[in-house]
Amino acid sequence: MGPEKMKEIITDVLKDVDVVIGYKQGFDKLHATPCFINKAEQIEEIIWSPVCVQNLASFLPSLKAKKVGVVVKGCDSRTIVQYMQEGLIDRSKVVVVGIPCTGVVSVKKVLDKVNHQPIEDVVFEADGAILVKTPAGETKLSLADVSPDKCSTCLYPTPVVYDHLAAEPIKSVKAPEDVYKDVEEFEGKSLEERKVYWEKEFDRCIRCYACRNACPMCVCQDSCIAESRDPHWISQKSNLSEKFMFHMIHSIHLAGRCVECGECERVCPMGIPVNALKKKLNHDMKALYNYEPGVNPEDKPPMYTFSVEEKKIEEHKL
Amino acid sequence: MSEIAPKELRIVGFLCNWCSYGGADTAGVSRFRQPTDLRIIRVPCSGRVDPLFIVKALLNGADGVLVSGCHPRDCHYTDGNFYARRRLEMLKQLLPYLGIDEKRFHYTWISASEGQRWQKTVTDFTNQIHKLGPLHSTTEAHSGS
Ligand code: SF4
Ligand code: SF4
């Protein structure tokens, strides 16, 4: 799964776009960082490995005026489909370089395994093993043990939309019914247990808004109602009800739009399961409207439309 | 009103201008007895009710929230209540996931002529909230904004 084929494709793509967004190595071998390529000599910087965690599709709405090439994994590709559904990009101005993906790492999980030692080298072996070198020695990990949760139920390892594919397509071996198992399990808890759980999680939130900033579907960015003073939805007070309210804003604005890329959870410095409420909403959207975000460009997000006779919504009695 | 506990609870009602607010008015003009825990906020249309209004109310001191609009197909703006139905149902299913009893939130459709239906809805919902009791303990700091 070397980047050679990808570099070839990008060399071609670069001829008729303004910029190509890919990955290059960050400050150490465990970190990749997005790179914006507009000159052929930059192509050598491009990397592809399981440390390429960021969802690069997130940059597309802000680059709408340009013709852009973008490297996407299977999960990231759903963002593009969702943007198409919502009219947030002009598909004819985007060239999608898809990478069939067998899973990425969670940088946090790897660092935990090596006791947060400085990283000297990271090598990915063909059998899925990862060798991490630190001053304390070499640690052998398996990709499955240090992958983010989203990889364990990924149904779309091959991008759902692409113009070029950098490797042979991969079929998912995961069961669709497992995707929302965590949601269903949580629903088995009592009301009180659930309340205590969320209060404990949200109480840690420092409202840095990293989750919102990283979210590809949080397209309002600086106009976010979490920060506006008029209307003043939430104050600057650091109490639980304000934090709770912020998470309700993020969740409800994502209802039936979250592509489950997991960026929100990846960037949270407090380890809050930010994606969990959106997964619950997606679970309901599937049950109510048989809708799954970011899969079919022809679909309409369920909150953007209605049926006169809603088959699955029953009147609530008092 | 004997079934209602003497202490009032805080219930917020979002009613659309064209049907449900009219229905509440009809009930008032007809002098139907109603519990007095409900504070009504008139909105142009049930489609104006952002689910976050309901969350905000519940987080900041309300013990229950009632939303009522025109019957489906009778919306003054043609399809506002169709959108509302999807949003409100979404919230109805989300609340229990957060540990908030979904019985604290009810949405329904009442026309301007249905004074009796309004009376019954308010009475039943108020009773339901009284059965659940206050959402916030008095010591909790829910000072809001
Ligand atoms: S809420 Fe989280 S998982 Fe969903 S689209 Fe936004 S960043 Fe991705
Ligand atoms: S990234 Fe984490 S700490 Fe920051 S606002 Fe989001 S949930 Fe809160």
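Conventions and cut-offs
Residues numbered from 1 in each chain as written. Chains lettered and ligands numbered in written order. Predicted model: local features only at pLDDT ≥ 70, side-chain atom pairs only at ≥ 80, totals over all residues. Heavy atoms only, no water. Helix = DSSP H or I, 4+ residues; strand = E, 2+ residues; numbered from the N terminus. Rg over C-alpha atoms; globule rule 2.2 N^0.38 Å. Buried < 20%, exposed > 50% of the residue type's maximum accessible area, 1.4 Å probe, protein only. Contact = heavy atoms within 4.5 Å. Areas by Shrake-Rupley, 256 points an atom, 1.4 Å probe, with all protein chains shown as cover. Disulfide = S-S within 2.5 Å. Near = heavy atom within 4 Å. Nonpolar A, V, L, I, M, F, W, Y, C, P; charged D, E, K, R; others polar. pLDDT = per-residue confidence, 0-100. Axes fitted to C-alpha atoms, helices over the stretch in contact; angles between N-to-C directions. Parallel < 35°, antiparallel > 145°, perpendicular 65-115°, else oblique. Pairing = 2+ DSSP bridges. Polar contact = N/O pair within 3.5 Å; in protein donor to acceptor, adjacent residues only side chain to side chain. Expected span 1.5 Å × (residues − 1). Buried area = accessible area lost by both parts, 1.4 Å probe. Salt bridge = Lys/Arg side-chain N within 4 Å of Asp/Glu carboxyl O.

1. A word on the overall build of chain A
- Counting secondary structure elements, chain A contains eleven helices and eight strands.
- Taken over C-alpha atoms, the radius of gyration comes to 20 Å for chain A, in line with the 20 Å a tight globule of 318 residues would show.
- Viewed in the frame of its principal axes, chain A has a C-alpha envelope of about 65 × 50 × 45 Å.
- The buried share among the 318 residues of chain A stands at 52%.
- Long-range contacts, defined as pairs at least 24 residues apart, comprise 65% of the intrachain contacts of chain A with a sequence gap of at least 6.
- Total accessible area on chain A stands at roughly 15,000 Å², and carbon and sulfur atoms take up 52% of it.

2. What about the state of the cysteines?
- Tallied over the full model, the rule gives one disulfide over all chains.
- Put simply, B:Cys19 and B:Cys70 are joined by a disulfide, and their sulfur atoms are 2.4 Å apart. Every disulfide takes its handedness from the sign of the S-S torsion; for B:Cys19 and B:Cys70 that torsion is 95 degrees, giving right-handed. Here B:Cys19 is found in the loop between strand E1 (11–16) and helix H1 (20–29), whereas its partner B:Cys70 is found in the loop between strand E3 (64–69) and helix H3 (80–94), with 51 residues between them in sequence. Take B:Cys19 and B:Cys70: they sit in the same class, and that class is buried.
- Looking at A:Cys218, it has no disulfide partner, and the nearest cysteine sulfur is the one in A:Cys215, 3.9 Å off.

3. What to know about the site of ligand 1
- Lining the immediate environment of ligand 1, one finds A:Cys215, A:Pro216, A:Cys258, A:Val259, A:Glu260, A:Cys261, A:Gly262, A:Glu263, A:Cys264, A:Asn275 and A:Lys278.
- Taken together, the residues of the shell around ligand 1 sort by class into six nonpolar, two polar and three charged.

4. A closer look at the confidence of the model for chain B
- Averaged over every residue, the pLDDT of chain B is 92; residues scoring 70 or more account for 90%.
- Overall, residues 141–145 of chain B carries pLDDT values under 50, and its contacts beyond four positions in sequence, including any with other chains, amount to 14 contacts.

5. What about the packing of helix H7 (residues 191–203) of chain A against helix H9 (residues 240–253) of chain A?
Residue and element names in this part refer to chain A.
- Orientation of H7 relative to H9, taken along the N-to-C sense of each, is 95 degrees, at an axis distance of 9 Å. The angle between the axes of H7 and H9 places the two elements in the roughly perpendicular class. Across from Trp198, Glu199, Phe202 and Asp203 in H7, the residues of H9 making contact are Leu240, Lys243, Phe244 and His247.
- Its residues assigned to classes, the contact of H7 with H9 shows four nonpolar, one polar and three charged.

6. Some words on the site of ligand 2
Residues and elements named next belong to chain A.
- Taken together, 14 residues lie near ligand 2, and Cys205, Cys208, Tyr209, Cys211 and Cys268 sit nearest.
- Listing elements by their share of the shell around ligand 2, those giving two or more residues are helix H8 (210–214) and H9.
- Of the residues in the shell around ligand 2, the class split is twelve nonpolar, one polar and one charged.

7. Some remarks on the sheet that holds strand E6 (residues 129–134) of chain A
All names here are of chain A.
- Within the open sheet, the three strands sit side by side as E5-E6-E7. Their pairing is antiparallel. The open sheet has two free edges, formed respectively by strand E5 (121–124) and strand E7 (137–142), since each of these has just one partner strand. Looking at each pair of strands side by side, their axes are set apart by 15 degrees on average, direction ignored.
- With six bridges connecting them, E6 and E7 associate as antiparallel partners. Considered in E7, the bridge of Leu131 is made with Lys140.

8. A look at the side chain of B:Asn81
Residue and element names in this part refer to chain B.
- Mapped onto the secondary structure, Asn81 falls in helix H3.
- Note on Asn81: relative accessible area 2%, which makes it buried.
- Here the side chain of Asn81 touches Cys70 through a polar contact of 2.8 Å, landing on its backbone oxygen.
- Leaving out residues up to four positions away in the same chain, Asn81 has contacts with Cys45, Ser46, Cys70, His71, Pro72, Arg73, Cys75 and Trp109.

9. Things to note about helix H11 (residues 276–289) of chain A
- With 14 residues, H11(A) extends 20 Å from end C-alpha to end C-alpha; this agrees with the ideal 20 Å at 1.5 Å per step.
- Along H11(A), twelve of the 14 residues are buried, which leaves the element largely enclosed by surrounding structure.
- Within H11(A), the full set of buried residues consists of A:Ala276, A:Leu277, A:Lys278, A:Lys279, A:Lys280, A:Leu281, A:Asn282, A:His283, A:Asp284, A:Met285, A:Leu288 and A:Tyr289.
- For H11(A), the secondary structure elements touched by its buried residues are helix H6 (181–187), H7, H9 and helix H10 (263–267) of chain A together with H3 of chain B.
- Positive backbone phi, at 50 degrees, marks A:Asn290, one or two positions downstream of H11(A).

10. Here we look at unusual backbone geometry
Residues and elements named next belong to chain A.
- The amide bond that connects Asp230 to the next residue, Pro231, takes the cis arrangement and shows omega of 5 degrees.
- One non-glycine residue, His116, lies in the positive phi region at around 55 degrees.
- Among the structural elements, His116 can be located in the loop between helix H3 (107–113) and E5.
- Positioned with a positive phi, Gln221 is a non-glycine residue whose angle comes to about 45 degrees.
- For Gln221, the location among the structural elements is in the loop between H8 and H9.
- Take Gln221: its relative accessible area is 27%, and that puts it in the partly exposed class.

11. A closer look at the interface of chain B and chain A
- Between chain B and chain A, the residue contacts involve 39 residues of the former and 45 residues of the latter.
- With both chains or domains summed, chain B and chain A bury close to 3,900 Å², and 67% of this area falls on carbon and sulfur atoms.
- Interface area lost by chain B to chain A is led by B:Leu52, B:Arg86 and B:Tyr97, which between them contribute 24%.
- Where chain B packs against chain A, one counts two salt bridges.

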